[in-house]
Amino acid sequence: MHWMLEERRRRRSADRTEALRYQLEHTKDKGRIEALVLTDSAGLVVAFAGDDAICEELGAIAPLVPRTLGMPMPPLLRGGEVAVRPLSLQGQDLYLASLGGNVARDALLAHSTKGVKRILGAN
């Protein structure tokens, strides 16, 4: 019976910014993703996990990737596989973008998107 009482999340926070960071760090580590960023439609970083400079570049291009095929990558992102998952929350467009990752990356990004929505949707 004791196993039923264990918390599945290792780190929690009532602070949304910190909770988002924990969510992204968990996904980044589990998927062996180099950088993971949540950005708004203007390319401004809301939360990130990874190298600051790489996350800045990834965040800046994230809103453009779903609309543009064959777009040249900024210097720090060249050679890496970029994946972007658009999401909408309370009428605002957001983007979850990753650089690199293992075979489970797509499933982890889908799961992380749900976590981001849960964290930002909480009142």
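In this text, all values refer to a predicted model and were calculated from it rather than measured experimentally. (Residues numbered from 1 in each chain as written. Predicted model: local features only at pLDDT ≥ 70, side-chain atom pairs only at ≥ 80, totals over all residues. Heavy atoms only, no water.)

What follows covers the overall build of the chain. Regarding its fold elements, the chain presents 3 helices and 4 strands. Along the chain, helices and strands appear, N-terminal first, in the series α-β-β-α-β-β-α. Considering only contacts within the chain whose residues lie at least 6 apart along the sequence, 47% involve residues at least 24 apart. (Helix = DSSP H or I, 4+ residues; strand = E, 2+ residues; numbered from the N terminus. Contact = heavy atoms within 4.5 Å.)

What follows concerns the confidence of the model for the chain. For the chain, per-residue confidence averages 85 on the pLDDT scale, and 85% of positions sit at 70 or higher. Contacts for the low-pLDDT stretch residues 3–8, under 50 throughout, to residues beyond four places or in other chains number 1 contact. (pLDDT = per-residue confidence, 0-100.)

Relative to the helices and strands, A110 resides in helix α3 (residues 105–121). Separated by 14 residues in the primary sequence, A110 and L96 place their C-alpha atoms 9.5 Å from one another.

Attention shifts here to the side chain of D40. Secondary-structure assignment places D40 in strand β1 (residues 33–40). A polar contact is formed between the side chain of D40 and the backbone nitrogen of A42, at a distance of 3.0 Å. (Polar contact = N/O pair within 3.5 Å; in protein donor to acceptor, adjacent residues only side chain to side chain.)

Here the focus is the environment of V103. Mapped onto the elements of the fold, V103 is located in the loop between β4 (92–100) and α3. Taking the relative accessible area as the measure of exposure, V103 reaches 88% and is therefore exposed. (Buried < 20%, exposed > 50% of the residue type's maximum accessible area, 1.4 Å probe, protein only.)

The next subject is unusual backbone geometry. For R32, which is not glycine, the phi dihedral falls at a positive 50 degrees. Assignment of secondary structure puts R32 in the loop between α1 (16–30) and β1. Assessed through its relative accessible area of 69%, R32 is described here as exposed. Unlike most non-glycine residues, Q90 shows phi in positive territory, near 50 degrees. Position of Q90 relative to the elements: it lies in the loop between β3 (82–89) and β4. Residue Q90 is classed as exposed on the basis of its relative accessible area of 66%.

Here the focus is α3. Compared with an ideal rise of 1.5 Å per residue, which puts 17 residues at 24 Å, α3 spans 24 Å between its outermost C-alpha atoms and is within 8% of the ideal. All of the buried residues in α3 are R105, L108, L109, S112, T113, G115, V116, I119 and L120. Among the structural elements, α1, β1, β3 and β4 are those in contact with the buried residues of α3. (Expected span 1.5 Å × (residues − 1).)

We now examine the nonpolar core. With 17 residues, the main nonpolar core has L20, L24, L38, L96, V116 and L120 as its most contacted residues. For this core, the secondary-structure elements that each account for two or more residues are α1, β1, β2 (45–49), β3, β4 and α3. Counting residues per element, this core draws most heavily on α3, at 4 residues. Those residues in contact with L38 that lie beyond four places of it in its chain are L20, L24, L44, V45, V46, A47, L87, L94, Y95, L96, V116 and L120. Residues A35, L58, V65 and L99 belong to the second largest nonpolar core, which totals 14 residues. (Core = buried A, V, L, I, M, F, W, Y, C linked by side-chain atoms within 4.5 Å.)

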